[in-house]
Amino acid sequence: MYFLTKSAPVRKQGVAKLLLAMKLTVALITVALTHVAAKSLSQTVTLHEKRASVQKVLSSIEKQSGMPLIIVNGHSVLSNTEPVTLDVDGVKPEIALNKCLQSQPLTYSIIAGTIVIKRKEPATAEAQPPMDVRGKVVDAKGEPLIGVNVRVKGTSLGTVTDVNGNFKIRVPNDQAILTVSYVGFTSQEVAVKGKADLTITMVVSASNLNEVVVVGYGTQRKADLTGAVATVSGSDLNKRVATDPAQLLQGKLPGLSVVQSSGEAGNEGISLRIRGTGTFSSAGNSPFVIIDGLPGNLSALDPQNIESVTVLKDAASASIYGTRAANGVILVTTKKGKEGKVELSYDYNIGVTSPTALPQNLIYNSVQYMELWNQAATNSNYPNKFTQAQIDLYRNPSNKDLYPNYNWLDAIFSTVAVQTHHLGITGGSNGTTYNVGLGYVDQPDIMVGYSYKKYNIQLDLNSKVNKWATFGGSVTLNSGERHYTSRGSQDQFLSTLSQSPMYGPVLPDGSGRYVNSVFPSVQTPNKNPIAIARNAVNKQNDYFIQSSFFLNINLAKGLDWRTNGGFNFDFNKTYDFKPVIYQYNWFAKPGDAPERSLDVNGQGIDVTDNNSFYPVAFTQLTYNTSFHNSHNLKLLAGTQVEYNKSQSLEGIRNLPFATNDLQELNAGPVASQLNNGTTNIYALRSYYGRLNYDYREKYLLEANARYDASSRFPENNRWAFFPSVSLGWVVTKERFLNNVNWLDNLKLRGSIGNLGNQNIGNYPYQETYNFRSYYNGNTSYAYPFTGTTVTSGVVNNALSNPNIKWETTRVFDLGTDISLANNRVNLSFDWYDKLTSDILETATPLTPLYYGLSAPVINYGKMRNRGIEIDAGYNQRIGAVSLSLRGTLQANQNKLVSYGAPAISTSTNTINQEGQPYGSFYMLKYLGIFQNAAEVTASPSQQYNPQPGYMKFADTNGDGKVDDNDRVIVPGAYPKFDYSFNTTATWKDFDLTVFFYGSQGQKLYVSGWGIQPFNQGSPPPAEWMNAWTPSNPSTTLPMVYILGQGNISSNANTASTYYLKDASFLKLKNVQVGYNLPQRFAKYVFMSALRIYFAGDNLHTFTSFPGLDPERVASNTRYVAHPQNRVYSFGIRATF
Amino acid sequence: MKKIFTISSFVIAAILFVACNKNMLDQNPPSDIGSSVFWKNQNDADLALAGIYSYFIQGFNYTSSGNTGQGFGAGTSYWESLTDNAYSGAYSNIAQGSITPTVGGLQTDAYTTSYRAIQACNTFLNNVGKIGLSANSLTQYQAEVRFVRAYWYFLLTQLYGDVVLTTQQITIDPANSKLGRTPKAVVIDTILSDLSFAASKLPNTAYNGHAVRGTALGYMTKVYLAQHDYQRAAATANTIISEGKFSLYTGGYRNLFLKPGQNNNPEIMFSGRYQVPTAYSPADYLYTYSSSFQPLAYLVNDYECKDGKPITTSPLYNPATPYANRDPRLLASVLTPGVLYKGGIPFVPAAIGATAGFLNKKGVDSTRATVIGTQSDQDWVYLRYADVLLMYAEAQNEIAGPDASVYKAINDIRARPSVNMPPLPANLSQADMREKIRHERRIELALEGQRYFDLKRWRLDRVIIPTIKDPNAAQRTFPLRDTLWPVPQTEIDIARAVGNTAFKQTPGY
């Protein structure tokens, strides 16, 4: 390689260089003369370079092509070049040169077989003068981005933004175009168009190949991944506001389904499932959650403190977690500090919260209610009816307070304001960075008596001690206080629905006495929910600490030793106070005796302390190396120990307290004091390892293995090995795609491996005698022989299985990642087949009742989940608007592969049968309403002596009678697919986010209060006014009845497809409009940034499901559950 | 050098940390006793014995007004709802003749509770020998536990006929899952063998909370009577009478069922014992606040007037004051309208939806039930001397007709203080005496859970039950197959799943 220097510097070597240059000039002429010959000698070029210097690449081209290379103007020309990544195989030198110099300020020509490199000629710029452009680069939230690359297109001019996101650059003319690029964001080009002050908003790139993803026991470049991994950033999650981070994951990670069972404050019952229901064992289906490297509790985090969340879905990525990974793994990283000056941020959100849906049109008109009741009582052959005199009291009320039309839903539901505060402090210097988050959530519930408050502190510290040692850690402190009623929110809802409209919760005489009933000779309702909400509220305090500390030592080049340890400590205290509260008749006079006392699940108080201590630590070595520039190798080996001890201590005084004002144990009657305490321990020990190898980042290989032992298994079956392997092929790095410009990245992935499950209770293989010294869950083994003292008792009440072994899940995964059109379009697709075998199941279906023992845990049955996941993203800038679209879809099919004899559950109307999804609906097929006696006679004989107006069911086995043998399997136990759409648009300082989430194909079995008439007196929906009568031959509703009374009730209450409702829905989950105050204004209020936004959550649901919200986890067949919340919120984020 | 030193100390620390706890993976339950360390001393036998007895009061203790545990302990009354004595909405399907393998409730609970108790007994008997007790002490433990096992097998075989009979501790051995139902006669033999062992080894004393010889003999009488083996029934009952360890309680009929009268009561021969706050029942408030168990007018009308005549013929009966001048046992056993309850308010049946018009009072102190969730600790009387006298009379009348000993047995019961009913008319025929004994048995043992099994023994279930109309207007029926119940459907499903072809459903279901 020769440098032709026009003005050679006259320094020490100046003369020598000058001489050399002269020689070269001669050489050049010589070469030019031998042009023809040289051409024939021209060779092809093969290059595999990764971020190599231009100089190096050029010299390789020179060497391989055999063409001499001359650089005009020497060194300085190369000084502004960028490193080159190049993959060409046997191409002409021109192509290699094109690729090499593509984005460099250089150009080449081949003159007489010599490659001449020189600076690009400046564009026709002489006419226009250069100008200075200032600007600021921010992200979608308006936060300044530091260190963003700003370049003038087609030149070597460039700069980076400062700590405030500001830059200043001299452009050659006012038509210059700036190229703005930043890791993790989509690069964009901005035309200056004569403007001297620019604000540039960067859009997060949906798939940036250089993005680093957190994986098990380490990190990996996204480009190098071979497993099925999905990831979401904290900033993306926090576009919505929620108190529990798990809520925010909904629709963000394909393959992870998030279903919130209710909107109950602090008890949302969020069910997380990765790739379906993997097992029917008691080991459960919840994914394993890792926070900063150690097992932790996602819900204990403040969402604002989350940096990123990764989901490991297939065996390849999850098997490093071995026994815990059968249901997938969720990795959470908390926010780390940023080097630089202290930055303070404050977030505030207030959300006006109301139920998304309530049962519709219940009959809360007293006269209508009583008349319909009487009609139902006649149909149900039930003697208790309202008299005409009673009805007339309400028809022409002398006193509207005494004879009301009371809507009980108004009594327990209200609109409330939920507030969240977050204060963040971050900064660092001299290698030490810190991040502190302080959070507070005040969450009243839409249901009276319920509430939740949460205080959260998050500390992160990282320090680079010296060249070879780094240490740091994170600590989360969480304190939550939850108020609820002892039988739960669904029971409160049911109690409310069982009240009739003829009375309110408190007597109308102003005495403050609680109502029990109005006409007790006709009906006695369930518990008074208001009396419970005001007097019998449980209090639960939860104090949770999770911590993770690490020390990383660089032992040698590429060799790191990392030790990570920490513990989780949970202290949970529950007060269940059961006061004596009297309830009276609605018309009670002063001094009248109460009808009954409130049923609060007993009397006195029950105080329970639960605590668990869970230390975990691992230590591991990693080694990174590359050789021959094309083989990259990463090795990991480590060992981990875990220990969990959970204890409970319970104190009880179960007779009424002298006063309801004191609610501590020592204020209760001594005569009834009881206590209880237990301890449970388990331990795990593991060895794990991983190998990553790639050849030129084109062929990727990863192998994982974990060797685990759990104290939950007998010694001979204690250890198990969980291996996995995955392969990746980056097709776009192949020669045949070299010239395909529209395809930026195409990767094919495949993996297979085994995962385990051990979450099956602590001592299932040991035969034990259980103590139960007082009634707890209806059983006690103590016995008072003498009638004065109680003798402790024990019973060996369960069969143990000394031979149990691990449950194993084999996952096979095929996937592809595609980026198109300059990374504007990103696609990810996965197909998987997940087979769980040796399922650890309590063998109830195989253990005869005559054993007199509870069933042992055995390895039994196989279950398969197959499905696909699609994630598609698109980013575009149209004028001043930048637009980002993203859609996800997941579809899963569950099937019991082997199970044995079918198991039918009559309480949930489901069946477990081989070849069918687990828990398939199993019930009679509803055909319609019998319209006349002839139809009854003509149809196969039905149960419960049907009359016209009864329901008609199908005789599916054709034996002429309808009974349990006619039950059929009905699909719909699981959604066919879940999907989501997310759109973000930014225009100047405004941004808009719209998020839809949907689920298709699931059915819910709904019965009881709110849908069937008069269950414990519950007001029916108004449509029952139009139920079947001889003169009104309804084809949709049978004759009205009192649930639980008479043949019509038995007939209509028969489990059938009538009660199976399509729970498919599409929800407008979130809309947010934000405004970022430009910095020039923000600084006047002493802020570096200010953002305000308005958001709506659960704004609208498109569904055919009747009345209530279809998004729920069906825990029983009841129609009502605590509603989900609709939230209109206002938020502010200030950065100082 | 310093670096090497620091690193090596970390390495050593890490090795220590991982290796420090070699036994970490051997974890035993800290709150339960592992079988390997159990059966070491007499205290273990006492613990296990208490566990076995606990089944006599299990289930019926829930603090709410839920329906759990009905049929056992203080919930034993619920058996009467299957007869003409009472009604329970919870068991109307069984009572009305629509019992099915999936009907649940008593039909399932009786099966599972019995086998749970039996298994606890078998485990005890298999292991108690390991302790090294004195021979005397060992036999006494064995005798007590064999009595309990016989009790539960007797309940099982009366309800289900042929039942799986196991006298060994069940293990995980798959052969155990292939057992068939043993013929009832064999089951009865086993029961009698257990009971005679118990009777011969248990102390011959008054009842003190543990089963005694009299308890075992009393149940032997019941078994013989149920087999219509009147000779042995009469002889066994006579043994109890002549040994003189028990007598009729003179402290008031109602107090037999309330706590203060129950300790050292000479009439009680076996009971399920309760004690607050550890072992309590919800009897007081459950029978008071809910209408889930209601005596029927059929029973109430069967109580004689004080002159010993039925209400249809007695001049003492006034339909306007129907509960006056009646056998005192009526108001001691049944809560009638207008009587004060809940601490002082009059009982109005409609106010709690008691459509039959009555509530249970036997073993119930409804005045104590001032609030929901009160805890009751009156013992449930399973066997008492009056029952033995009635069984003797029944058996002796079948053997020898109404001799003086038969008259004495019945008249002693009628004549006791607080009852004071006139003696039976003299010179009754055997058949008339049979009727009188059956009537006396219904009244004396009303709501104590006996009548269902009495009707079964007299083969009157099929006669009487179809005559009953329930408060919800349903007419009861009694298909003959109902004399034996179906076992729970799950048992059939399990037999199918494990390939147990020997196990069959009760005929007719």
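Residues numbered from 1 in each chain as written. Chains lettered and ligands numbered in written order. Predicted model: local features only at pLDDT ≥ 70, side-chain atom pairs only at ≥ 80, totals over all residues. Heavy atoms only, no water.

Of regular secondary structure, chain B possesses 17 helices and nine strands. In terms of overall dimensions, chain B has a C-alpha envelope of 115 × 50 × 45 Å along the principal axes. By the burial criterion, 60% of the 509 residues in chain B qualify as buried. Within chain B, contacts between residues separated by at least 24 positions form 71% of all contacts whose residues are at least 6 apart in sequence. Total accessible area computed for chain B in this model is approximately 17900 Å², and 55% of it derives from carbon and sulfur atoms. (Helix = DSSP H or I, 4+ residues; strand = E, 2+ residues; numbered from the N terminus. Buried < 20%, exposed > 50% of the residue type's maximum accessible area, 1.4 Å probe, protein only. Contact = heavy atoms within 4.5 Å. Areas by Shrake-Rupley, 256 points an atom, 1.4 Å probe, with all protein chains shown as cover.)

Of regular secondary structure, chain A possesses 15 helices and 59 strands. Taking the principal axes of its C-alpha atoms as reference, chain A extends roughly 120 × 70 × 70 Å. Residues counted as buried form 55% of the 1136 residues belonging to chain A. Long-range pairs, those at least 24 residues apart, make up 69% of the contacts in chain A with a sequence separation of at least 6. If you sum the accessible surface of chain A, you get close to 45600 Å²; carbon and sulfur atoms cover 55% of it.

For the rest of this paragraph, the subject is helix α4 (residues 106-127) of chain B. Between its first and last C-alpha, α4(B) extends 31 Å over 22 residues, near the 32 Å set by a 1.5 Å rise per residue. Burial within α4(B) is extensive, with 17 of its 22 residues counted as buried. (Expected span 1.5 Å × (residues − 1).)

Next up on the list: the sheet that holds strand β48 (residues 910-912) of chain A. Residue and element names in this part refer to chain A. With antiparallel pairing, four strands are arranged side by side in an open sheet as β47-β48-β49-β52. Where the open sheet ends on each side, the last strands, each with one partner, are β47 (903-905) and β52 (968-970). Between one strand axis and the next, the sheet turns by 40° as a mean value, whatever way the strands run. The pairing of β48 with strand β49 (residues 920-923) spans two bridges and is antiparallel. Looking at β49, one finds that T910 is bridged to F921. (Pairing = 2+ DSSP bridges. Axes fitted to C-alpha atoms, helices over the stretch in contact; angles between N-to-C directions.)

Here we take up the environment of R457(B). All names here are of chain B. Note that R457 resides in helix α15 (residues 451-458). The sequence separation of R457 and L156 amounts to 301 residues, and the corresponding C-alpha distance is 15 Å. Sequence-distant contacts of R457, defined by excluding residues within four places in its chain, comprise L225, A226, H228, E394 and R441.

What follows is about the interface of chain A and chain B. Counting residues at the interface gives 98 residues for chain A and 98 residues for chain B. In total, chain A and chain B occlude about 7800 Å² of area from one another, counting both sides; carbon and sulfur atoms represent 61% of this. As a salt-bridge pair, D26(B) and R718(A) come within 2.8 Å of each other at their nearest N and O atoms. Here chain A and chain B share 28 residue pairs in polar contact (both at pLDDT 80 or more) between them. At the level of secondary structure, the elements contributing two or more residues to the side of chain A that touches chain B comprise β29 (537-556), β32 (596-597), β33 (604-627), β34 (631-653), β35 (673-695), β36 (699-710), β39 (768-771) and β40 (794-795) of chain A. For the side of chain A that touches chain B, the element with the most residues is β35(A), which contributes nine residues. (Buried area = accessible area lost by both parts, 1.4 Å probe. Salt bridge = Lys/Arg side-chain N within 4 Å of Asp/Glu carboxyl O. Polar contact = N/O pair within 3.5 Å; in protein donor to acceptor, adjacent residues only side chain to side chain.)

Once that is clear, we can look at the sheet that holds strand β11 (residues 177-181) of chain A. Residue and element names in this part refer to chain A. Taken in spatial order, the four strands line up as β9-β8-β11-β12 in an open sheet, and their pairing is antiparallel. Whereas interior strands pair on both sides, the edge strands pair on one side only; in this sheet they are β9 (158-160) and β12 (188-191). Each strand axis lies, on average, 25° off the axis of its neighbour in the sheet, ignoring direction. Of the pairings in the sheet, the one linking strand β8 (residues 149-152) to β11 comprises four bridges and is antiparallel in character. Its bridge partner being in β11, V152 is matched across the sheet by L178.

What follows is about the pairing of strand β37 (residues 719-730) of chain A. Residues and elements named next belong to chain A. The alternating pattern of β37 places A720, F722, S724, S726, G728 and V730 on a buried face and W719, F721, P723, V725, L727 and W729 on a face that is not buried. Judged from the 11 bridges that link them, β36 and β37 form a sheet pairing that is antiparallel. Each residue of the ladder has a partner; that of A703, found in β37, is V725. Sheet analysis places β37 next to strand β38 (residues 743-757), joined by seven bridges and oriented antiparallel. Each residue of the ladder has a partner; that of L727, found in β38, is G750.

This part is about the packing of helix α12 (residues 385-400) of chain B against helix α13 (residues 404-415) of chain B. Residues and elements named next belong to chain B. Between α12 and α13, the least distance of the axes is 9 Å, while the angle of their chain directions is 150°. In terms of axis orientation, α12 runs roughly antiparallel to α13. Between α12 and α13 the crossing geometry is left-handed. Together, A386, L389, L390, Y392, A393, Q396 and N397 of α12 and S405, V406, A409, I410 and I413 of α13 make up the contact between the two elements. In terms of residue class, the contact of α12 with α13 is built from nine nonpolar, three polar and no charged. (Parallel < 35°, antiparallel > 145°, perpendicular 65-115°, else oblique. Left-handed = near helix turned anticlockwise from the far one by under 90°. Nonpolar A, V, L, I, M, F, W, Y, C, P; charged D, E, K, R; others polar.)

All names here are of chain A. Structurally, the position occupied by Q620 is in strand β33. For Q620, a relative accessible area of 3% gives the class buried. A distance of 2.8 Å separates the side chain of Q620 from the side chain of Y688, its partner in a polar contact. Residues within four places of Q620 in sequence aside, it is in contact with Y217, D560, W561, R562, L636, A637, G638 and Y688.

Our next topic: the packing of helix α8 (residues 366-379) of chain A against helix α9 (residues 388-395) of chain A. A pair of packed helices is captured by two measures, namely the crossing angle of their axes and the spacing between those axes. Residues and elements named next belong to chain A. Interhelical geometry of α8 versus α9 gives an angle of 160° and a closest axis separation of 8 Å. One way to sum up the angle between α8 and α9 is to call them roughly antiparallel. The handedness of the crossing between α8 and α9 is left-handed. Where α8 abuts α9, its residues S366, V367, M370, E371 and N374 lie against Q390, I391, Y394 and R395. Here the contact of α8 with α9 is built from residues that sort into four nonpolar, three polar and two charged.

This part is about a nonpolar patch on the surface. Residue and element names in this part refer to chain A. On the surface, a nonpolar cluster with roughly 460 Å² of combined accessible area is contributed by V725, I752, F812, L814, F829 and W831. Tracing the backbone through its elements, the reader meets L814 in strand β41 (residues 807-820). With a relative accessible area of 39%, L814 lands in the partly exposed category. (Patch = residues over 30% accessible without salt bridge, like charges linked within 9 Å, V, L, I, M, F, W, Y side chains within 5 Å.)

The next subject is the confidence of the model for chain A. Residue and element names in this part refer to chain A. Looking at chain A, the pLDDT average stands at 86 and 93% of residues meet or exceed 70. Across residues 4-15 the pLDDT falls below 50, and counting only partners more than four positions away or on other chains, this stretch makes seven contacts in the model. Confidence drops under pLDDT 50 across residues 18-22; counting only partners more than four residues distant or on other chains, this segment forms zero contacts. (pLDDT = per-residue confidence, 0-100.)

In this section: the pairing of strand β58 (residues 1089-1103) of chain A. Residue and element names in this part refer to chain A. Relative to β58, strand β57 (residues 1065-1077) runs antiparallel, the two sharing 12 bridges. Among the inter-strand pairings, K1067 is bridged to a residue of β58, identified as T1101. Sheet topology places β58 next to strand β59 (residues 1125-1135); nine bridges connect them, and they run antiparallel. Across the sheet, D1097 pairs through a bridge with V1127, a residue of β59.

Moving on, we get to the packing of aromatic side chains. Tallied over the full model, the rule gives 84 aromatic pairs over all chains. With a centroid separation of 6.4 Å and an interplanar angle of 45°, the aromatic rings of Y781(A) and Y55(B) are classed as tilted. In this pair, Y781(A) sits in the loop between β39 and β40 while Y55(B) sits in the loop between α2 (42-53) and β2 (86-87), so the two residues belong to two different chains. For the pair shown, Y781(A) and Y55(B) are each scored as buried. Grouping aromatic residues by their ring pairs yields a cluster made of Y783(A), F785(A), Y53(B), F56(B), F72(B), F147(B), Y151(B), W152(B), Y207(B), Y219(B), F270(B) and Y382(B). Residue placement shows K1061(A) over the ring face of Y1058(A); its charged tip is 5.3 Å from the ring centre. Here K1067(A) stacks its cationic end above the ring of F1065(A), 5.7 Å away from the centre of that ring. (Phe/Tyr/Trp six-rings, centres within 6.5 Å; stacked < 30°, edge-to-face > 60°. Lys NZ or Arg CZ within 6 Å of the ring centre and 35° of its normal.)

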